Amino acid sequence: MAGGVVVNNGGGKDYPGKLTMFVLFACIVAATGGLIFGYDIGISGGVTSMNPFLMKFFPSVYRKEQTAEKNQSNQYCKFDSPLLTMFTSSLYLAALVASFFASTVTRVAGRKWSMFGGGVTFLVGAALNGAAKNVLMLILGRVLLGVGVGFANQSVPLYLSEMAPARLRGMLNIGFQLMITIGILCANLINYGTAKIKGGWGWRVSLALAAVPAAIIAVGALFLPDTPNSLIDRGHTDAAKRMLRRVRGTDDVEEEYNDLVAASEESKLVAHPWRNILQRRYRPQLTMAIAIPLFQQLTGINVIMFYAPVLFKTLGFADDASLMSAVITGLVNVFATFVSIVTVDRLGRRKLFLQGGTQMLACQIVVGSLIGAKFGFSGVADIPKAYAAFVVLFICAYVAGFAWSWGPLGWLVPSEIFPLEIRSAGQSINVSVNMLFTFIIAQAFLPMLCRFKFILFFFFGAWVVIMTLFVAFFLPETKNVPIEEMVLVWKAHWYWGRFIRDEDVHVGADVEMPAAGDGKVDPAKLAN
């Protein structure tokens, strides 16, 4: 796009600049904030499948498990324990609350200090968990881990979206999801190894090693530069221009700088971002900040990732086999995320959402049918190895579909759609909804598995149908659009355009506003 003029298609300017090594390394370091979230997701399911851990903290669950295996009783219900699920889900409740405080820190002090705070708090929580003597100490450690996750998930996606050039924003932002998947895989590998430690204290190693990813992001944050957007917003205009030149690798940054300043000046007119985000003109962004993280959790992915070892154990796998199956799904998760990194800025967000949703739905139907055919409603069966391997195959295909669609895009899209004046508040809502429904599903999964049996997979499959249709009708394409001009995408959308008045659109002087009531965004023009 020469000159940056886009007429009636929801696009924006193609600012001068390139992907510099400075930006690449800054984004890699910032993305390591995803390690703490991923490590926790992977580690909690592993330790709750270790008998020494259950014997020490949840003896009733251990006795129920042993009885179920001895008597071949209902496999669906042997891990159903409110206290056990509270151990897992307390982190996400703490993250929900922490994200509201993180919003203020991110806006006032900058994105990097929010990451630093998250890393330090997670570090303390890891130490408490590794040294836990009782359930109270265990859950207190989980709460501190949750505070760390809340701060990191609030600040990292914003940082990545603000630092990245528009045409590569998807690729760099998905680095966060890639680190989450690497954290999950590392946790699965560690659980597999520590479960073999004689003496029954391997679970302590698993929990304490959360200190490693915490230290990586805490130390790394100290060396990160602030984003130009954050510097301008906090009044450091000269430093912001210098930083913008450095991150874009060119001195020709006046156009982008002026747009950032204009966005900042408008944001300063908003005294109460939490109140303003409820205004009609922000209805599209607010809807997405709620719907996308809600749907992301209702895919059922955290059922697999939290409880993969428990789930496979429930399916009749032995202890080692269940942990190894979790390692396999972790590997699939990592490699499939690379597919999204390579394709998200070429194919766009919508195509990946739609393809991934279709694939997940098919896999959930197959897995539910396979489990139902063997266990039925009684929950009593012996699964042959070949049959179990077939179940794992389709679970892996499901994980792959999530890993290149709802996994990374669930963080990418909300982080890139908000105008500066409500960006921190919007991201806080995104994180809070994500954590709230992660908490609810983590708390409810084991009781639901006990009561719904194999129907649980069809339950999540129905939600995948709903969310895929939602994306098809209501999510416009946002690839290649500068973050400060995203309002043009909403203005051009067939439905959301009615909520945005012409006078609500404030962009650079050389960008022509889309006509009110215009149709769908033209992806071909956006890609130019």
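Residues numbered from 1 in each chain as written. Predicted model: local features only at pLDDT ≥ 70, side-chain atom pairs only at ≥ 80, totals over all residues. Heavy atoms only, no water.

The name an unreviewed UniProt entry gives the chain is Major facilitator superfamily (MFS) profile domain-containing protein, with Oryza meyeriana var. granulata as the organism. Under the heading Sequence similarities (unreviewed entry), UniProt records this for the chain: "Belongs to the major facilitator superfamily. Sugar transporter (TC 2.A.1.1) family." Checking UniProt for the chain, the heading Subcellular location (unreviewed entry) contains the comment "Membrane". (UniProt positions renumbered as here; feature names shortened; annotations may be inferred.)

Colleague: Quick rundown of the overall build of the chain? Include the residues and the values.
Modeller: A tally of regular secondary structure across the chain gives 24 helices and zero strands. Here the chain holds 528 residues, and 62% of them are scored as buried. With an accessible surface of roughly 18,600 Å², the chain has 68% of that area assigned to carbon and sulfur atoms. (Helix = DSSP H or I, 4+ residues; strand = E, 2+ residues; numbered from the N terminus. Buried < 20%, exposed > 50% of the residue type's maximum accessible area, 1.4 Å probe, protein only. Areas by Shrake-Rupley, 256 points an atom, 1.4 Å probe, with all protein chains shown as cover.)

Colleague: Tell me about the pattern of salt bridges, and please be specific about residues and values.
Modeller: Scanning the entire structure with this criterion turns up 11 salt bridges. Where arginine 111 meets glutamate 162, a salt bridge forms, and the shortest distance between an N and an O atom there is 2.7 Å. Taken together, the residues arginine 111 in helix H6 (residues 111–130) and glutamate 162 in helix H7 (residues 135–163) connect sequence positions 51 residues apart. The pair formed by arginine 111 and glutamate 162 is uniform in burial state, with each residue classed as buried. A salt bridge links arginine 169 to glutamate 416, with the shortest nitrogen-to-oxygen separation between them at 2.7 Å. Note that arginine 169 is positioned in helix H8 (residues 169–194) and glutamate 416 in helix H20 (residues 406–416), a separation of 247 residues in sequence. Each of the two residues, arginine 169 as well as glutamate 416, counts as buried. (Salt bridge = Lys/Arg side-chain N within 4 Å of Asp/Glu carboxyl O.)

Colleague: Let's hear about unusual backbone geometry: which residues, and what values?
Modeller: The bulk of non-glycine residues show a negative phi, and the bulk of peptide bonds are trans. Non-glycine residue asparagine 480 carries a positive phi angle of around 65°. Looking at the element boundaries, asparagine 480 is found in the loop between helix H22 (455–474) and helix H23 (487–492).

Colleague: Outline the nonpolar core, listing residues and values.
Modeller: Counting residues in each nonpolar core, the largest one holds 131 residues, and the members touching the most others are Phe53, Phe58 and Trp406. Leave out the neighbours within four places in its chain, and tryptophan 406 touches Ile292, Phe295, Gln296, Thr299, Phe353, Met360, Met467 and Val471. (Core = buried A, V, L, I, M, F, W, Y, C linked by side-chain atoms within 4.5 Å. Contact = heavy atoms within 4.5 Å.)

Colleague: An account of helix H13 (residues 254–268) is needed here, citing residue identities and associated values.
Modeller: Counted at 1.5 Å a residue, the expected span for H13 with its 15 residues is 21 Å, and the 21 Å between its end C-alpha atoms agrees. Those residues of H13 that sit buried are Glu256, Tyr257, Asp259, Leu260, Val261, Ala263, Ser264, Glu266 and Ser267. (Expected span 1.5 Å × (residues − 1).)

Colleague: So, the packing of aromatic side chains: which residues are in play, and what are the values?
Modeller: Both the distance between ring centres and the angle between the ring planes are used here to describe each pair of aromatic rings. A complete count under the given rule lists 23 aromatic pairs for this structure. Taking the centre distance of 5.7 Å and the plane angle of 85° together, the rings of tryptophan 113 and phenylalanine 116 count as edge-to-face. Taken together, the residues tryptophan 113 and phenylalanine 116, both in helix H6 and three residues apart, mark about one turn of the helix. In this structure tryptophan 113 comes out as partly exposed when scored by relative accessible area, which is 39%. Accessibility expressed as a relative area gives 26% for phenylalanine 116, which makes it partly exposed. Seen in terms of ring centroids, phenylalanine 459 and phenylalanine 460 are 5.3 Å apart; in terms of plane orientation they differ by 70°. Their pairing is edge-to-face. (Phe/Tyr/Trp six-rings, centres within 6.5 Å; stacked < 30°, edge-to-face > 60°.)

Colleague: Pulling in residues and values, what's your account of the packing of helix H2 (residues 33–47) against helix H10 (residues 211–222)?
Modeller: At a closest axis distance of 8 Å, the pairing of H2 and H10 adopts a crossing angle of 165°. Compared by their axis directions, H2 and H10 come out roughly antiparallel. Between H2 and H10 lies a crossing whose hand is left-handed. Residues Gly33, Leu35, Ile36 and Tyr39 of H2 form the contact with H10, whose participating residues are Pro213, Ala214, Ile216 and Ile217. Among the residues making up the contact of H2 with H10, the classes are represented as seven nonpolar, one polar and no charged. (Axes fitted to C-alpha atoms, helices over the stretch in contact; angles between N-to-C directions. Parallel < 35°, antiparallel > 145°, perpendicular 65-115°, else oblique. Left-handed = near helix turned anticlockwise from the far one by under 90°. Nonpolar A, V, L, I, M, F, W, Y, C, P; charged D, E, K, R; others polar.)

Colleague: Tell me about helix H19 (residues 385–403), residues and numbers included.
Modeller: Along its 19 residues, H19 runs 26 Å from first to last C-alpha, staying within 8% of the 27 Å computed at 1.5 Å per residue. All of the buried residues along H19 are Ala388, Val391, Val392, Ile395, Cys396, Tyr398, Val399, Ala400, Gly401, Phe402 and Ala403.

Colleague: Could you give an account of the side chain of serine 405, naming the residues involved and the relevant values?
Modeller: Tracing the sequence through the fold places serine 405 in the loop between H19 and H20. Separated by 2.6 Å, the side chain of serine 405 and the backbone oxygen of glycine 401 make a polar contact. Residues contacting serine 405, with those up to four places away along its chain left out, are Leu352, Phe353, Gly356, Gly357, Met360 and Gly410. (Polar contact = N/O pair within 3.5 Å; in protein donor to acceptor, adjacent residues only side chain to side chain.)

Colleague: Which residues make up the side chain of glutamine 359, and what are the values?
Modeller: The topology assignment puts glutamine 359 in helix H18 (residues 349–375). Within polar-contact distance, the side chain of glutamine 359 engages the side chain of glutamine 355 at 3.0 Å. Discounting residues that sit within four places of it in the chain, glutamine 359 has contacts with Ala397, Ala400, Gly401 and Trp404.

Colleague: Requested: an account of a nonpolar patch on the surface, with residues and values cited.
Modeller: On the surface, Ile365, Phe452, Ile455, Phe458 and Phe459 cluster together to form a nonpolar patch covering roughly 380 Å² of accessible area. Here the nonpolar patch takes three residues from H22, the largest share from any one element. (Patch = residues over 30% accessible without salt bridge, like charges linked within 9 Å, V, L, I, M, F, W, Y side chains within 5 Å.)

Colleague: How would you sum up the environment of valine 327? Please name residues and give values.
Modeller: Mapped onto the fold, valine 327 is located in helix H17 (residues 319–347). Taking the relative accessible area as the measure of exposure, valine 327 reaches 5% and is therefore buried. The spatial distance from the C-alpha of valine 327 to the C-alpha of leucine 189 is 6.1 Å, given a sequence separation of 138 residues. In contact with valine 327, not counting residues within four places along its chain, are Leu185, Asn188, Leu189 and Tyr192.

Colleague: I'd like to hear about the packing of helix H5 (residues 82–108) against H7, residue by residue, with values.
Modeller: H7 packs onto H5 with a crossing angle of 40° between their chain directions and a minimal axis gap of 6 Å. What the angle tells us is that H5 and H7 run oblique. Between H5 and H7 the crossing geometry is right-handed. Of the residues contributing to the contact of H5 with H7, the split by class is 20 nonpolar, nine polar and one charged.

Colleague: Mind laying out the environment of alanine 166, listing which residues take part and the relevant values?
Modeller: Locating alanine 166 in the fold gives a position in the loop between H7 and H8. When its relative accessible area of 18% is taken as the criterion, alanine 166 is described as buried. Setting aside residues no more than four positions away along its own chain, alanine 166 makes contact with Asn480, Val481 and Pro482.

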